[in-house]
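Listed here are the chains, written in short residue letters.
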Amino acid sequence: MDLGLVLEDDVFHFHRERNKVASEEPYTAKLCHPLWFDDIDLSGLSSTEAQTVLKYRGDVAYHNSRYEAALRMYQQCQDHLQANNVSMRRGVEEDKARCYLRLGQLENAISCARNVSEMAFNFEQVTDALQLFLDIYQTADMPSSTANFG
């Protein structure tokens with residue numbers, strides 16, 4: 001059955017000429033000094049930039065065993081988070097749980113761990129949440145039979 005359709009071969013042999021960039025200078029990455037985010041004034045930053053800076057500051061404080069300062073940074077970071085940024089919210093909530101754990105505030109750590117668990121949508125996220133619960137219960141020397149994971 002002939003439908004009378006004909007393909008134009010010219011459509012398939014068309015080669016587009018690419019415009020060359022006027023300047024062929026190589027890309028040079030921006031170099032930042034260590035702890036560049038400590039010197040930044042948050043008032044001039046967008047909400048997204050502020051949350052990133054606060055997260056970095058919290059991570060450094062946690063690494064330096066300044067858990068209360070890290071917790072403050074993570075809480076401020078959470079204040080800047082948009083509702084749809086679930087990935088960052090889950091990460092910051094886990095960071096807060098680990099700070100509470102180091103500070104001996106087990107109920108707060110468990111509460112944060114429950115929040116992390118509720119935001120887990122795939123196998124890796126569920127595994128991370130369960131590992132967080134395990135870390136909390138092992139640190140508290142609680143028997144696993146008393147564990148309530150959610």
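Here we summarise the structure given alongside this text.

Procedures and definitions
- Residues numbered from 1 in each chain as written.
- Predicted model: local features only at pLDDT ≥ 70, side-chain atom pairs only at ≥ 80, totals over all residues.
- Heavy atoms only, no water.
- Helix = DSSP H or I, 4+ residues; strand = E, 2+ residues; numbered from the N terminus.
- Expected span 1.5 Å × (residues − 1).
- Buried < 20%, exposed > 50% of the residue type's maximum accessible area, 1.4 Å probe, protein only.
- Contact = heavy atoms within 4.5 Å.
- Phe/Tyr/Trp six-rings, centres within 6.5 Å; stacked < 30°, edge-to-face > 60°.
- Core = buried A, V, L, I, M, F, W, Y, C linked by side-chain atoms within 4.5 Å.
- Polar contact = N/O pair within 3.5 Å; in protein donor to acceptor, adjacent residues only side chain to side chain.

A few words on helix 3 (residues 86-102). For helix 3, with 17 residues, the first-to-last C-alpha span of 24 Å sits near the 24 Å given by 1.5 Å per residue. The buried count for helix 3 comes to 12 of 17 residues, which makes it a mostly enclosed element. Those residues of helix 3 not exposed but buried are M88, R90, V92, E93, E94, D95, K96, A97, R98, C99, Y100 and L101. Looking at the buried positions of helix 3, the neighbouring elements they touch are helix 1 (47-63), helix 2 (67-80), helix 4 (106-118) and helix 5 (123-139). Looking one or two residues past helix 3, G104 carries a phi angle of roughly 80 degrees, positive in sign.

Looking at the secondary structure, you find E94 in helix 3. Beyond its immediate sequence surroundings of up to four residues, E94 is in contact with V116 and L132.

Quick look at the packing of aromatic side chains now. Under the counting rule described, the total for this entry stands at 2 aromatic pairs. Centroid distance Y62 to Y67: 5.1 Å. Interplanar angle 65 degrees. Geometry classified as edge-to-face.

Now for the nonpolar core. In terms of nonpolar packing, the biggest core is built from 24 residues, with V92, L132 and I136 touching the most fellow members. Element by element, the count of residues in this core is highest for helix 3, at 6 residues. Among all residues touching L132, those that are not within four sequence positions of it are E94, A97, R98, A113 and V116.

For helix 5, with 17 residues, the first-to-last C-alpha span of 24 Å sits near the 24 Å given by 1.5 Å per residue. Among the residues of helix 5, those classed as buried are Q125, A129, L132, F133, D135, I136 and Y137. Tucked into the core, helix 5 has its buried residues touching helix 3 and helix 4. Between the side-chain oxygen of the N-cap and the backbone nitrogen of E124 there are 3.1 Å, and the N-cap of helix 5 in question is N122. Immediately beyond the C-terminal end of helix 5, within one or two residues, lies D141, with a positive phi of roughly 55 degrees.

Shape is all these values report; function is a separate question.
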